[in-house]
Amino acid sequence: MPISHIMASGMTGIRAAGDLVARMQFSKNMRIKEAKEYVAKKLGVDTMDLSDEYVMRELREELDIGVITSVPTAAKGIAAKMNIEKLLEIEINSCDLFRRQIA
Amino acid sequence: MATEYALRMGDGMRISLTKEKILEELEAGSADAADLGEIPTLSGNKIEKLAEILMMPGKAVSVEQGMEVPVTHDIGTLRIDGDQGNSGVGIPTSRLAGCMLHERAFGADTMELGHIDYSFKPVKPVVANETQAMEVCQQNMIIPLFYGAMPNMGLYYTPDGPFENPGDLMKAFKIQEARESMEHAAEHLTRDTVWVMQRLMASGADGVNFDTTAAAGDADMFGTLHAVETLRKEFPKMYIEVGMAGEIVLGMHGELEYDGKILAGIWPHQQAPLAAKAGANVFGPVCNTNTSKTSAWNLARAVTFMKAAVEASPIPCHVDMGMGVGGIPMLETPPIDAVTRASKAMVEVAGVDGI
């Protein structure tokens, strides 16, 4: 059932830009329109592109913010999230913890 | 003979209805929500749009391109490794593998980690295990990863908890004692959820999902809203989602207030501003499915409630659309035709910010 929702209405997470839009909703209380516009501006794309795997696949790899397939040497996990922090100008709790651990 | 379209009953059984009957059901469902919630019915255009979605020929339908929304997930990885009681499919996997499957195989927009019991209270004795799991998951995950659990205030009453069961007290006409028991339970609920989440936040959690808030009535919501308020003060950047258990907050206590509003008997459009006031980032409104009614009736009713909640809410609304809520039939394997139609309707007609 969750997959039916994802296929019908979802932004497909790191296949496209769903995680980024969700982060803006949760970190800044942005409604869907505002969150999409914010992320699109930061990525330099149109809001339509945020759910477009063709656009987002290459862009995510270029920005090193995590891609859905396992690409050798590409940022994953915390490393990808630290790049997302810079891109979206937000702080992510797990990245804060990681910074404290390596300080 | 008039053309008939394949729809569902609220329990999932296939039925065939004419367009005229579908429109009749949609209008009746919307009118029911409007009557109960004292909110506007759906306009003629919105009813037509819902009918159009329900009558689409394909088995699965989807939103128009560009209208996609984030889909958040509750129940953690239990749908992978859990048993039938949690609608799990019983695949033995670690929780890390479950989270990563949601991110990389299913295309989830957010995910959450949860305890096998999925309630806050039983997490207390094993919180160190939960924090360890959260830390390992956060090291490997990219999408937002919450800690999710149910406030489940019923666990604080006898025989499971320390306070006398209000149901038993009320049966003995000890109304004041029942209210006091609920107030004590709510205090403990607040204390426990804050304590658990302080530890999860120290381990890198993005935030918390309060799933099925108010399942035990108004005191359950009272305790949860106070937990949200406390957590928001301590963790200004924490992601907080408050998802509801049902469309109305049951008045088990009847006199509890939050922000000057009586909690008993409030509907989604009245719940959303209170969740926002407490400090939630996202609100998860619910509309329950009536198994004896058609999917047209249930969907119009759910969309009417959700549209009003979205309009009244100062924060994003991610409508609850699991089995038996949000116009979804009440069975563990809801048919894809019904799920995708409800999904599309919520985004395009109710205007929800997510699912």
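As shown above, the structure is provided for reference.
Cut-offs applied
- Residues numbered from 1 in each chain as written.
- Chains lettered and ligands numbered in written order.
- Predicted model: local features only at pLDDT ≥ 70, side-chain atom pairs only at ≥ 80, totals over all residues.
- Heavy atoms only, no water.
- Core = buried A, V, L, I, M, F, W, Y, C linked by side-chain atoms within 4.5 Å.
- Buried < 20%, exposed > 50% of the residue type's maximum accessible area, 1.4 Å probe, protein only.
- Helix = DSSP H or I, 4+ residues; strand = E, 2+ residues; numbered from the N terminus.
- Patch = residues over 30% accessible without salt bridge, like charges linked within 9 Å, V, L, I, M, F, W, Y side chains within 5 Å.
- Areas by Shrake-Rupley, 256 points an atom, 1.4 Å probe, with all protein chains shown as cover.
- Salt bridge = Lys/Arg side-chain N within 4 Å of Asp/Glu carboxyl O.
- Lys, Arg positive; Asp, Glu negative; His and termini not counted.
- Charge placed at Lys NZ, Arg CZ, Asp CG, Glu CD.
- Pairing = 2+ DSSP bridges.
- Phe/Tyr/Trp six-rings, centres within 6.5 Å; stacked < 30°, edge-to-face > 60°.
- Lys NZ or Arg CZ within 6 Å of the ring centre and 35° of its normal.
- Axes fitted to C-alpha atoms, helices over the stretch in contact; angles between N-to-C directions.
- Contact = heavy atoms within 4.5 Å.
- Right-handed = clockwise from strand over helix to strand, strands pointing away.
- Disulfide = S-S within 2.5 Å.
- Buried area = accessible area lost by both parts, 1.4 Å probe.

**A closer look at the nonpolar core**
- Counting 124 residues, the largest nonpolar core has L43(A) and Y147(B) as the members making the most contacts within it.
- With nine residues, the single largest contributor to this core is helix 10 (residues 295-312) of chain B.
- L169(B), M182(B), L189(B) and L256(B) belong to the second largest nonpolar core, which has twelve residues in total.

**Structural notes on a negative patch on the surface**
All names here are of chain B.
- Together, E164, E177, E180, E183 and E187 line one region of the surface with negative charge.
- Considering the arrangement of structural elements, one finds E183 in helix 7 (residues 175-202).
- Under the relative-accessibility criterion, E183 is labelled partly exposed at 33%.

**Thoughts on the pairing of strand 1 (residues 4-8) of chain B**
- Pairing between strand 1 of chain B and strand 2 (residues 14-18) of chain B: five bridges, direction antiparallel. In the sheet register, Y5(B) faces strand 2 of chain B, and the bridge partner there is L17(B).

**A few points about the packing of aromatic side chains**
- Going through the model one piece at a time under the given rule, you end up with five aromatic pairs over all chains.
- Taken together, a centroid distance of 5.5 Å and an interplanar angle of 45 degrees make the contact between F120(B) and F210(B) tilted. Highlighted residues: F120(B) in the loop between strand 3 (111-113) and helix 5 (127-140) and F210(B) in strand 5 (residues 207-213), separated in sequence by 90 residues.
- Where F146(B) meets Y239(B), the ring centres are 6.1 Å apart and the plane angle is 55 degrees; that geometry is what we call tilted. Here F146(B), found in strand 4 (residues 145-149), pairs with Y239(B), found in strand 6 (residues 239-244); they are 93 residues apart in sequence, far enough to count as distant. The exposure classification of F146(B) matches that of Y239(B), with both residues buried.
- Each member of the aromatic cluster is reached from another via a ring pair, and the members are F26(A), F146(B) and Y239(B).
- One residue, K121(B), lies across the ring of Y156(B), its end atom 5.4 Å from the ring centre.
- Against the face of W297(B) rests K293(B), its NZ or CZ located 5.1 Å from the ring centre.

**Some remarks on the sheet that holds strand 5 of chain B**
Residue and element names in this part refer to chain B.
- Strand order in the open sheet formed by five strands is 3-4-5-6-9, with parallel pairing between adjacent strands. Either end of the sheet is taken by a strand with one partner, and the two such strands are strand 3 and strand 9 (282-284). Put simply, the sheet's adjacent strands are angled 30 degrees from each other on average, direction ignored.
- Strand direction decides the pairing type here: strand 5 and strand 6, joined by five bridges, are parallel. Each residue of the ladder has a partner; that of T213, found in strand 6, is M244.
- Relative to the sheet, helix 9 (residues 268-278) contacts strand 6 and strand 9, its axis offset from that of strand 9 by approximately 150 degrees.

**Things to note about the pairing of strand 6 of chain B**
Residues and elements named next belong to chain B.
- Among the six residues that make up strand 6, six are buried, leaving the element largely enclosed by the rest of the structure.
- Alternating positions in strand 6 separate into two faces, Y239, E241 and G243 on one and I240, V242 and M244 on the other, with burial throughout.
- You can see the chain leave strand 5, run along helix 8 (residues 218-234) and come back into strand 6, and the turn it takes is right-handed.
- Bridging between strand 6 and strand 9 involves three bridges; their strand directions are parallel. Each bridged residue has a counterpart across the sheet, and for V242 the counterpart in strand 9 is F283.

**Details of the state of the cysteines**
- Enumeration over the complete set of coordinates arrives at zero disulfides over all chains.
- For C95(A), which is in no disulfide, the shortest distance to another cysteine sulfur is to C137(B) and amounts to 15 Å.
- By relative accessible area, C95(A) is classed as buried at 0%.
- Considering cysteine sulfurs only, C137(B) is the nearest to C99(B), which forms no disulfide, with 4.2 Å between them.
- Exposure remark for C99(B): the relative accessible area of 0% places this residue in the buried category.

**Digging into the interface of chain B and chain A**
- With 62 residues of chain B at the contact, the number on the chain A side is 47 residues.
- Between chain B and chain A, a total of about 4,100 Å² is buried, with carbon and sulfur atoms accounting for 59% of that surface.
- Its largest share of buried area at the contact with chain A, chain B owes to E68(B), I142(B) and Y239(B), together 17% of the area lost on that side.
- In this assembly, chain B and chain A are joined by three salt bridges.
- The element that contributes the greatest number of residues to the side of chain B that touches chain A is helix 11 (residues 336-350) of chain B, accounting for six residues.

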